[in-house]
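Residues per chain, in single letters:
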Amino acid sequence: GVPVSKRFAVPGGGNGVFWYSYDQSLVHTVMLSSEHNMTIGSSQYVWLENDLAKVNRSITPWLVVEMHRPMYNSELVNWLNPSETM
């Protein structure tokens, strides 16, 4: 098969298809990976801090953050191991 990183075109400056950002009109959109480390000091966290510091709120006053999965949910089953409850 074709790796997902080769299948989809995404803006540069992030970590391929996992985290990136782009501007569209008055909106700065950030796509984050909920499947990678997001703790303080992680590469994704540092990238996000740097990305947000570059946003000119006079030009792009709206910020939208998206993730692949919700950070918190009411699922009681571990999707990596369905027989294990959380």
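Residues numbered from 1 in each chain as written. Predicted model: local features only at pLDDT ≥ 70, side-chain atom pairs only at ≥ 80, totals over all residues. Heavy atoms only, no water.

Asker: Sorry, what's going on with the overall build of the chain here?
Answerer: Looking only at helices and strands, the chain features 2 helices and 3 strands. The order of helices and strands in the chain, counted from the N terminus, is α-β-β-α-β. The burial tally for the chain puts 21% of its 86 residues in the buried class. Of the contacts made within the chain by residues no fewer than 6 positions apart, 46% connect residues no fewer than 24 positions apart. (Helix = DSSP H or I, 4+ residues; strand = E, 2+ residues; numbered from the N terminus. Buried < 20%, exposed > 50% of the residue type's maximum accessible area, 1.4 Å probe, protein only. Contact = heavy atoms within 4.5 Å.)

Asker: Before we go on, may I ask you to explain the sheet that holds strand E2 (residues 27–32) in this structure?
Answerer: Two pairing modes exist for strands in a sheet, parallel and antiparallel, and in both the strands are linked by backbone hydrogen bonds. Taken in spatial order, the 3 strands make up an open sheet running E1-E2-E3, and their pairing is mixed. Both outer strands of the open sheet, strand E1 (20–24) and strand E3 (62–67), are each paired with one neighbouring strand and no more. When the angles between neighbouring strand axes are averaged without regard to direction, this sheet yields 20°. Looking at chain direction, E1 and E2 are connected through 5 bridges and run antiparallel. Within E2, the position partnered with Ser-21 by the bridge is Val-30. Along the sheet face, helix H2 (residues 43–53) touches E1, E2 and E3 and points at about 175° away from the line of E2. (Pairing = 2+ DSSP bridges. Axes fitted to C-alpha atoms, helices over the stretch in contact; angles between N-to-C directions.)

Asker: Help me understand the side chain of Ser-42 in this model?
Answerer: Of note, Ser-42 is situated in the loop between E2 and H2. Of the residues examined, Ser-42 reaches a relative accessible area of 7% and is grouped as buried. Only 3.1 Å separates the side chain of Ser-42 from the backbone oxygen of Asn-37, close enough to count as a polar contact. (Polar contact = N/O pair within 3.5 Å; in protein donor to acceptor, adjacent residues only side chain to side chain.)

Asker: How should the nonpolar core be read in this particular structure?
Answerer: Taken as a class, soluble globular proteins show a tendency for nonpolar side chains to be buried jointly. Judged by nonpolar contacts, Trp-19, Val-30, Leu-32, Trp-47 and Leu-48 together constitute the single largest core of 5 residues. Secondary-structure elements contributing two or more residues to this core are E2 and H2. When residues no more than four places from it in sequence are discounted, the contact partners of Leu-48 are Val-30 and Leu-32. (Core = buried A, V, L, I, M, F, W, Y, C linked by side-chain atoms within 4.5 Å.)

Asker: Any chance you could explain H2 here in plain terms?
Answerer: One turn of the α-helix equals 3.6 residues, which is why residues spaced by three or four share an orientation. All of the buried residues in H2 are Gln-44, Trp-47, Leu-48 and Asp-51. Looking down the long axis of H2, one finds its buried residues gathered within 100° of arc, a one-sided arrangement. Check the buried side of H2 and you find it contacts E1 and E2. (Arc of directions from axis to C-beta.)

Asker: Would you mind going over the environment of Leu-32 with me for this structure?
Answerer: Here Leu-32 is to be found in strand E2. Judged by its relative accessible area of 6%, Leu-32 falls in the buried class. A C-alpha to C-alpha distance of 9.5 Å links Leu-32 and Tyr-45, two positions 13 residues apart in sequence. Once residues within four sequence positions are removed from consideration, Leu-32 is found in contact with Phe-18, Trp-19, Gln-44, Trp-47, Leu-48, Val-65, Glu-66, Met-67 and His-68.

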